[in-house]
Amino acid sequence: MLWTCLLTVALSADPTMMPLLNTLPEDGRWIRYDLRLQVGSQDHLLPYSIRSVGQFQQAGRDVRCIELDLTGNAEIPSMLHRLLVPNDAFAPDKFALGQAVRMWVRKGSDPVESFNDVTGDPLTMLFQAGITQDLKKQETKETVHWQRGKLECMVFTGKSVQEIGTTKFNTESTILRHDDLPFGLAGLRMKLTPEGSSDVINVTLTLQDYGKDAKATLPEYTP
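About the criteria used
In this convention, every chain numbers its residues from 1, walking through the sequence in written order. Local features in a predicted model are, by the rule used here, given only for residues with pLDDT of at least 70; side-chain atom pairs are given and counted only at 80 or more, and totals for whole chains, interfaces and linings are based on all residues. As a convention, hydrogens and water are excluded, and side-chain values are obtained from all of the structure's heavy atoms. Here's how the labels work: a residue is buried when its accessible area is under 20% of the maximum for its type, exposed when over 50%, partly exposed in between, all with a 1.4 Å probe on protein chains only. Numbering of helices and strands starts at the N terminus; helices are DSSP runs of H or I of at least 4 residues and strands are runs of E of at least 2. Strand pairing requires that DSSP identify at least two bridges connecting the strands. Counted as salt bridges are all cases of a side-chain nitrogen of Lys or Arg within 4 Å of a carboxyl oxygen of Asp or Glu.

Student: Teacher, can you tell me more about the pairing of strand β4 (residues 79-86) here?
Tutor: Most of β4 sits inside the fold, with 8 of its 8 residues counted as buried. Residue alternation in β4 divides its side chains into two sets, Met79, His81, Leu83 and Val85 and Leu80, Arg82, Leu84 and Pro86, and both sets are buried. Bridge count between strand β3 (residues 61-70) and β4: 8 bridges; the pairing is antiparallel. If you follow Leu70 over to β4, its bridge partner there is Met79. By the bridge criterion, 6 bridges tie β4 to strand β5 (residues 102-107) in an arrangement that is antiparallel. Within β5, the position partnered with His81 by the bridge is Val105.

Student: Help me out: how do you make sense of the pairing of strand β9 (residues 149-164) in this one?
Tutor: Working note: regular strand, side chains alternate between the two faces of the sheet. Looking at chain direction, strand β7 (residues 133-137) and β9 are connected through 3 bridges and run antiparallel. Bridging across to β9, Lys137 finds its partner in Phe156. The pairing of strand β8 (residues 142-146) with β9 spans 5 bridges and is antiparallel. Opposite Thr143, over in β9, you have Glu152 as the bridge partner. Once β8 ends, the chain turns through 2 residues before running back antiparallel as β9. Pairing geometry for β9 and strand β10 (residues 167-177), over 11 bridges, is antiparallel. Considered in β10, the bridge of Met154 is made with Arg177.

Student: So what exactly am I meant to see when it comes to the environment of Ser173 here?
Tutor: Following the sequence through the fold, Ser173 ends up in strand β10. Once the C-alpha coordinates of Ser173 and Gly130 are considered, the two residues, 43 residues apart in sequence, prove to be 7.1 Å apart.

Student: How do you make sense of the pattern of salt bridges when you look at a structure like this?
Tutor: Two side chains carrying opposite charge are able to pair once their charged atoms lie near each other. Taken as a whole and assessed by the stated rule, the structure comprises 9 salt bridges. In this structure, the salt-bridge partner of Asp43 is Arg36, at a minimum N-O distance of 2.5 Å. Residue classification places Asp43 among the partly exposed positions, given a relative accessible area of 42%. The class for Arg36 is partly exposed, based on a relative accessible area of 35%. Taken together, the shared-partner salt bridges connect Arg51, Glu67, Asp69 and Arg82 into one network.

Structure representation (structure tokens):
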């Protein structure tokens, strides 16, 4: 259940970590992907969107409202995360989403839950943290083909080790970046292996579209 997500970091010349969301775009920008989740014989392809949908102040800090929106299917429920992230959390080698000052989550048709930070959803923390170890920028760029053309993208590879409860997850990731895209994320290939288990979880994000004038799904939840 690692389809939820968002994170942000401004790209540095020599970064040591690489969260999924890299830059803070102008408010109103949105981007949409196909998210493919493969676990054993299960193979799901789900629409996944990230959008910037509001600017506020919280305790004297400028914050941005970011919604992460997964459209589910008969087996996987839809999931919406709405986060308030300080603008100044977007900086080199920082996990901006990890500094969110508030988060609301709606799973399927369940009531909206409120959390003081992202630790209320450890799976989102794991997914969005991206690469935290052995980060390498590849010399060769990778071409991403999408419905309006193609993008020559920077390629970053690396690993991460995260614990959720008593389970340790080892991840290997390839993250594709392009400066023209909202949040900088052009694509993702991630393999997650729970320690002590033979199961392997593969998560892929493939760019579909991006644009302006994003509309909030949960506009009533504000500071």
